[in-house]
Amino acid sequence: MQERPKRLRRCQLSVPGSSEKMMEKAAALGVDYVFLDLEDAVAYSEKRPSRARIVKALNTLDWGKTVRCVRINDLTTEYAYEDIIEVVEGARENLDMIMLPKAMSASDVQFVDKLLTMMEKKLGLKKRIGIDVLIEEVEAMMRVDEIAASTPRLECLIFGMGDYSASQGVSLRDIGGATGYPGDIWHYQRQRLTIACRANRIDAVDGPYGDFKNPDGYREEARRSMILGMVGKWAIHPSQVAIAQEVFSPRAEDVVKAREMKKAYEAALAQGLGAVQYEGKMIDIASIRIVNNLLDRAAQIGM
Ligand code: COA
Ligand code: MG
């Protein structure tokens, strides 16, 4: 079986596929991951013409190391299959990922997987196109384990709190998480999704924060999801990109400390000890597993 490629997703920037100007801007930002949108950021009248705009942007702009994704319309619409066909036929190897919104079940992801398999064969593509999936309906949250295990082509699940709020009936006042409810309204959903992702060795990413003129609020939401094991957060505006890429990068001092901790543990092992003190706290092999997660992240970023 083909290995899943390792891709950075500290920030996934949403860019309306209807806007040539914004796609141009996005290509120059140096963001880990961009998804060119055909779904909610695009008006119905612009959905079909935007496919060609997206293909042109993928084929002609210099994207550097940025992962290039297209978010298609959901599988209940009349757009979805042609979104995939036109974009993949047009951009071929200049496309890395398809993002599927409003998935309801594993079979939704498998449909996209099969269509991509057919197209890769027909077009003779050398690279496998990956799939990222939005979990934004209560049905999807209930089936998140089967969705996470649906296909080896799946690389990441994203918690989409906007549509999810509508699906669950969460009141608009509480989407920001600031009013009245004791605790974080997304605590359960982020935990649930992250556990399913980790168990299937795929990435978990946190969705959008619409109040883009509130960098502190955005940073706090990113920090919460990072602590739970998510690897990144969406941005809907360029001003959010640097914040996400910082929050989801290990801090340099933590990397130094992690390496020291590993050394201290290895020295302890050499003396026949499984647990030792490090800076006044106990460390053992479980601490080292946590440290290794951080060092893996650092290596992926090139720290
Ligand atoms: N990607 C790339 N460029 C973007 C951008 C994005 N998501 N959002 C804004 N920009 C650009 C603007 O075009 C503008 O460029 P300019 O300085 O060259 O004119 C610059 O960044 C500053 O934008 P600003 O004037 O602050 O905001 P705006 O009114 O142009 O756009 C939004 C605000 C919310 C409409 C816009 O950010 C947007 O469309 N975001 C994405 C929405 C989306 O994808 N939704 C679906 C997923 S939740
Ligand atoms: Mg949505």
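Presented here is a report on the structure given in the accompanying data block. (Residues numbered from 1 in each chain as written. Chains lettered and ligands numbered in written order. Predicted model: local features only at pLDDT ≥ 70, side-chain atom pairs only at ≥ 80, totals over all residues. Heavy atoms only, no water.)

Topic: the overall build of the protein chain
Phase 1: If you tally the helices and strands in the protein chain, you get 12 helices and 10 strands.
Phase 2: Taken over the C-alpha trace, the protein chain has a radius of gyration of 20 Å; the compact-globule value for 303 residues is 19 Å, and the two agree within 12%.
Phase 3: Taken over the C-alpha atoms alone, the protein chain extends approximately 65 × 50 × 35 Å along its principal axes.
Phase 4: When burial is assessed residue by residue, the protein chain has 49% of its 303 residues classed as buried.
Phase 5: Surface summary for the protein chain: the accessible area is close to 14,900 Å², and the carbon and sulfur share equals 54%. (Helix = DSSP H or I, 4+ residues; strand = E, 2+ residues; numbered from the N terminus. Rg over C-alpha atoms; globule rule 2.2 N^0.38 Å. Buried < 20%, exposed > 50% of the residue type's maximum accessible area, 1.4 Å probe, protein only. Areas by Shrake-Rupley, 256 points an atom, 1.4 Å probe, with all protein chains shown as cover.)

Description of the site of ligand 1
Phase 1: Ligand 1 sits among 13 residues. The nearest are S14, K21, K25, I236 and H237.
Phase 2: Take S14: an N or O atom from its side chain is 2.4 Å from an oxygen atom of ligand 1.
Phase 3: I236 places a main-chain nitrogen or oxygen 2.8 Å from a nitrogen atom of ligand 1.
Phase 4: For ligand 1, the protein covers 62% of the area, taking 890 Å² as the surface of the free molecule.
Phase 5: Where the shell around ligand 1 is concerned, the elements lending two or more residues are β1 (11-16) and α1 (20-27).
Phase 6: Among the residues making up the shell around ligand 1, the classes are represented as seven nonpolar, two polar and four charged. (Near = heavy atom within 4 Å. Polar contact = N/O pair within 3.5 Å; in protein donor to acceptor, adjacent residues only side chain to side chain. Nonpolar A, V, L, I, M, F, W, Y, C, P; charged D, E, K, R; others polar.)

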